[in-house]
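Analysis of the macromolecular model
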Amino acid sequence: MLQRIQTIYLLLAAVVSAGLIFVFSLWENSAGESVYAQDVLIAFGMFLASAAISLVSIFMFKNRKLQFVLGRLNIILNLFLLGVFVYWSLTLPGEMDISEKGIGMFLPIISIVFIVLANKAIKKDEDLVKSVDRLR
């Protein structure tokens, strides 16, 4: 059932992970140039993997348990991406060329919030189906 609220949440998470990375910069280097996610291969790959998992999870509506597991996997991936950004921003100034952080570093947090809301709705649906099965 694609008309559920978790579909909207997962679609928003995919848009944040795949679309907004081209709009918001991750940081500015010491020359004052904005660095976007497509300039950093690791971040770009992790953002696209997160978007792909969200899109695959949308079409797993018949298997809610797998959909829930994919949501958790996506949360772990986004937490790892956030950890990479924190590591890069806390390194010594001579090691990385980050002078000013951009809003793009906070996109994994927004994605995590949408995925948590989707998992909450998936769990609610699963509990509803279990309660109906109990009555039969």
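Now for a quick tour of the structure.

Further remarks concern the overall build of the chain. Helix and strand content of the chain: four helices and three strands. Counting from the amino terminus, the chain carries its helices and strands in the arrangement α-β-β-α-α-β-α. Its C-alpha atoms put the chain at 65 × 25 × 20 Å along the principal axes. Expressed as a percentage of its 136 residues, the buried residues of the chain come to 39%. Contacts spanning at least 24 positions in sequence make up 70% of the contacts within the chain whose residues lie at least 6 apart. The chain carries 12 positive and 10 negative side-chain charges, and their two centres are separated by 23 Å.

Following both chains from N to C, one finds helix H1 (residues 5-18) and helix H2 (residues 41-58) inclined at 160°, their axes separated by 8 Å at the closest point. On the basis of their axis angle, the class for H1 and H2 is roughly antiparallel. For the crossing formed where H1 meets H2, the hand is left-handed. Counted together, Thr-7, Leu-10, Leu-11, Ala-13, Ala-14, Ser-17 and Ala-18 of H1 and Phe-47, Leu-48, Ser-50, Ala-51, Ser-54, Leu-55, Ser-57 and Ile-58 of H2 form the full contact between these two elements. Among the residues forming the contact of H1 with H2, the class breakdown is ten nonpolar, five polar and no charged.

This part is about the environment of Leu-20. Relative to the assigned elements, Leu-20 resides in the loop between H1 and strand S1 (27-28). Classification of Leu-20 by relative accessible area gives partly exposed; the value is 26%. Distance in space between the C-alpha atoms of Leu-20 and Gly-104 is 7.9 Å, their sequence separation being 84 residues. With sequence-adjacent residues up to four places away left out, Leu-20 is seen in contact with Val-15 and Leu-107.

This part takes up the pattern of salt bridges. Pairing between side chains of opposite charge can happen when the charged atoms of each approach one another. Under the counting rule described, the total for this entry stands at three salt bridges. For Arg-4, the salt bridge is made with Asp-125, and the minimal N-O distance between the two is 2.8 Å. A residue pair is termed long-range when its members are at least 10 positions apart, and Arg-4 in the segment before H1 and Asp-125 in helix H4 (residues 107-135) qualify at 121 residues. Of the charged contacts in the structure, one is a salt bridge between Glu-126 and Arg-64, with a shortest N-O distance of 2.8 Å. On the criterion of sequence distance, the pair formed by Glu-126 in helix H4 and Arg-64 in helix H3 (residues 64-90) is long-range, its members being 62 residues apart.

Right, let's get into the packing of aromatic side chains. According to the stated counting rule, one finds three aromatic pairs in the structure shown. Relative to Phe-44, the ring of Phe-22 lies with its centre 6.0 Å away and its plane at 70°, an arrangement referred to as edge-to-face. Taken together, the residues span a long stretch of sequence, with Phe-22 in the loop between H1 and S1 and Phe-44 in helix H2 at a distance of 22 residues. Aromatic rings pair up to connect Phe-47, Phe-85 and Trp-88 into one cluster.

Before going further, it helps to examine the side chain of Ser-25. In this fold, Ser-25 is placed in the loop between H1 and S1. In contact with Ser-25, not counting residues within four places along its chain, are Ser-34, Val-35, Tyr-36, Gly-102, Ile-103, Gly-104 and Met-105.

On to the side chain of Asn-74, then. Checked against the element boundaries, Asn-74 lands in helix H3. Non-local contacts of Asn-74, meaning those with residues more than four positions away in its chain, are made with Ser-50, Ile-53, Ser-54 and Ile-115.

Under the 1.5 Å per step criterion, the end-to-end length of H2 is 26 Å for 18 residues, consistent within 8% with the ideal 26 Å. Considered for burial, the residues of H2 that qualify are Ala-43, Met-46, Phe-47, Ser-50, Ala-51, Ile-53, Ser-54, Ser-57 and Ile-58. Buried positions in H2, seen along its axis, are confined to an arc of 155° and lie on one side of it. Residues of H2 that are exposed and angled more than 90 degrees away from the buried face: Leu-41 and Ile-42.

Cut-offs used in this document
Residues numbered from 1 in each chain as written. Predicted model: local features only at pLDDT ≥ 70, side-chain atom pairs only at ≥ 80, totals over all residues. Heavy atoms only, no water. Helix = DSSP H or I, 4+ residues; strand = E, 2+ residues; numbered from the N terminus. Buried < 20%, exposed > 50% of the residue type's maximum accessible area, 1.4 Å probe, protein only. Contact = heavy atoms within 4.5 Å. Lys, Arg positive; Asp, Glu negative; His and termini not counted. Charge placed at Lys NZ, Arg CZ, Asp CG, Glu CD. Axes fitted to C-alpha atoms, helices over the stretch in contact; angles between N-to-C directions. Parallel < 35°, antiparallel > 145°, perpendicular 65-115°, else oblique. Left-handed = near helix turned anticlockwise from the far one by under 90°. Nonpolar A, V, L, I, M, F, W, Y, C, P; charged D, E, K, R; others polar. Salt bridge = Lys/Arg side-chain N within 4 Å of Asp/Glu carboxyl O. Phe/Tyr/Trp six-rings, centres within 6.5 Å; stacked < 30°, edge-to-face > 60°. Expected span 1.5 Å × (residues − 1). Arc of directions from axis to C-beta.

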